[in-house]
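# Observations on the three-dimensional arrangement
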Amino acid sequence: MTPTTVEFLFDFGSPNAYLCHKVIPQMAAKTGARFEYVPILLGGLFKLANNRSPVEAYAHIPHKLAYERLEMQRFIHKHGLTAFQRNPHFPVNTLHIMRGAVAAQKLHCFDRYVDTVYASMWERGCNMADPQVIAAELDAAGLDSQAILATSHEPGVKERLLANTQQAHARGAFGSPTFFMGPEMYFGKDRLHDMEEAILQATGR
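Residues take numbers from 1 onward in each chain, read along the sequence in its written order. Local features in this predicted model are restricted to residues whose pLDDT is 70 or higher, and side-chain atom pairs enter the listing and the counts only when it is 80 or higher, whereas totals over whole chains, interfaces and linings include all residues. As a convention, hydrogens and water are excluded, and side-chain values are obtained from all of the structure's heavy atoms.

Along helix α8 (residues 145-152), the residues classified as buried are S145, I148, T151 and S152. One side of α8 carries all its buried residues, which in axial view fall inside an arc of 140°. Contacts are assigned to residue pairs with any non-hydrogen atoms lying within 4.5 Å of each other. A run of H or I in DSSP becomes a helix once it reaches four residues, and a run of E becomes a strand once it reaches two; helices and strands are each numbered from the N terminus. On its buried face, α8 sits against α5 (95-106), α6 (110-122), α7 (131-140) and α9 (155-170). The classification of residues rests on relative accessible area computed with a 1.4 Å probe and restricted to protein chains. Under 20% of the type maximum is buried, over 50% is exposed, and intermediate values are partly exposed. As used here, the arc belongs to the directions running from the helix axis to the C-beta atoms.

And the structure:
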């Protein structure tokens, strides 16, 4: 049986996308689904969709922000994600590291790159908008920072990230984490259970 493919539209700047990234392996193991990571630029998607981050959108609703934090803590506790910590530099301009993700795809080191950058952002609290910090984090993980950063400046890489973002908007996405299972869209970590049920139903598990 051909495994179900789920597209994961992500930007390193979203803490909820990080939390999804951490639970995707167990979901893949349970359902047999294959998760395809699609780098997008969240700031660009926000502009296209006329959307804003929750911190900005709910700035005048303190009870809503408090509940968002509570819901995040429940998710962290449920899945034992004790390494998570808020990034003191948040919100972080992710342009460099998202172009780097596309470059890492081209250089065949994508999985290690994603794990490294997510850990740098949401476990070590690094300022991943700073190219020097980015290079140091990649080198410490055994990645070739010079090759990745050089490739990230190539026109084709920039165009791919832009195209991914525009295609995400065209398909109805407005933020990250967003998942597509065929034409069906699931937004946010609170929809992971619904998506898992849909995968299991589609595969007859």
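There's plenty left to go through after this.
For T165, the location among the structural elements is in helix α9. In the analysis that follows, any N or O atom pair within 3.5 Å is treated as a polar contact, provided that within protein one partner can donate a hydrogen and the other can accept it, and provided that, for residues neighboring in sequence, both atoms belong to side chains. Reaching out from T165, the side chain makes a polar contact with the backbone oxygen of L161 at a distance of 2.9 Å. Here T165 is in contact with I40, L41, G44, L45 and L48, once residues within four sequence places are set aside.

A pair of strands is treated as paired once DSSP finds two or more bridges between them. Reading across the sheet, the four strands line up as β2-β1-β3-β4 and stay open at both edges, with mixed pairing between neighbours. On the outer flanks of this sheet lie β2 (34-39) and β4 (184-187), each paired with one strand and no other. Averaged over all pairs of adjacent strands, the angle between strand axes in this sheet comes to 25°, irrespective of strand direction. Two elements, strand β1 (residues 5-10) and strand β3 (residues 178-181), share three bridges in a ladder whose sense is antiparallel. Between the N-to-C directions of two axes lies an angle of 0 to 180 degrees, each axis being a line fitted to C-alpha atoms and, for a helix, fitted only over the stretch in contact.

Before going further, it helps to examine the packing of aromatic side chains. Aromatic contacts are taken between Phe, Tyr and Trp rings whose centres are within 6.5 Å, Trp giving its six-membered ring; a plane angle under 30 degrees counts as stacked, one over 60 as edge-to-face, and the others as tilted. Following the criterion strictly, the structure yields 16 aromatic pairs and no others. For the ring pair F12 and Y113, a centre distance of 6.0 Å and an interplane angle of 65° mean the geometry is edge-to-face. With F12 in the loop between β1 and α1 (15-31) and Y113 in helix α6, the pair connects residues that are 101 residues apart, well separated along the chain. This pair shows no difference in class: F12 is buried, exactly as Y113 is. A ring is considered to have a charge above it if a Lys NZ or an Arg CZ atom is located within 6 Å of its centre and within 35 degrees of its normal. Positioned over the ring face of Y58 is K64, at 5.0 Å from the centre of the ring. Lying over the aromatic face of F75, K189 brings its terminal NZ or CZ to 5.8 Å of the ring centre.

Pairs may arise between side chains of opposite charge once their charged atoms sit close together. A pairing counts as a salt bridge when a side-chain nitrogen of Lys or Arg comes within 4 Å of a carboxyl oxygen of Asp or Glu. Considering all chains together, one arrives at nine salt bridges under this definition. The partner of E7 in a salt bridge is R171, with the nearest N and O atoms 2.9 Å apart. With E7 in strand β1 and R171 in the loop between α9 and β3, the pair connects residues that are 164 residues apart, well separated along the chain. Among the ionic pairs, E123 bridges to K22, the shortest N-O distance being 3.7 Å. With E123 in the loop between α6 and α7 and K22 in helix α1, this pair connects stretches of sequence that are 101 residues apart.

Before going further, it helps to spend a moment on unusual backbone geometry. Outside of glycine, negative phi angles account for most residues, and trans bonds account for most peptide bonds. Omega for the peptide link from F90 to P91 comes to 0°, which places this bond in the cis form. You can see P91 is positioned in the loop between α4 (62-79) and α5. Following S176, the chain continues into P177 via a peptide bond in cis, with omega recorded as 15°. Checked against the element boundaries, P177 lands in the loop between α9 and β3. With phi around 55°, N50 is a residue other than glycine that occupies positive phi space. Along the chain, N50 falls in the loop between α2 (42-49) and α3 (54-57). Although it is not a glycine, H108 sits at a positive phi angle of roughly 65°.

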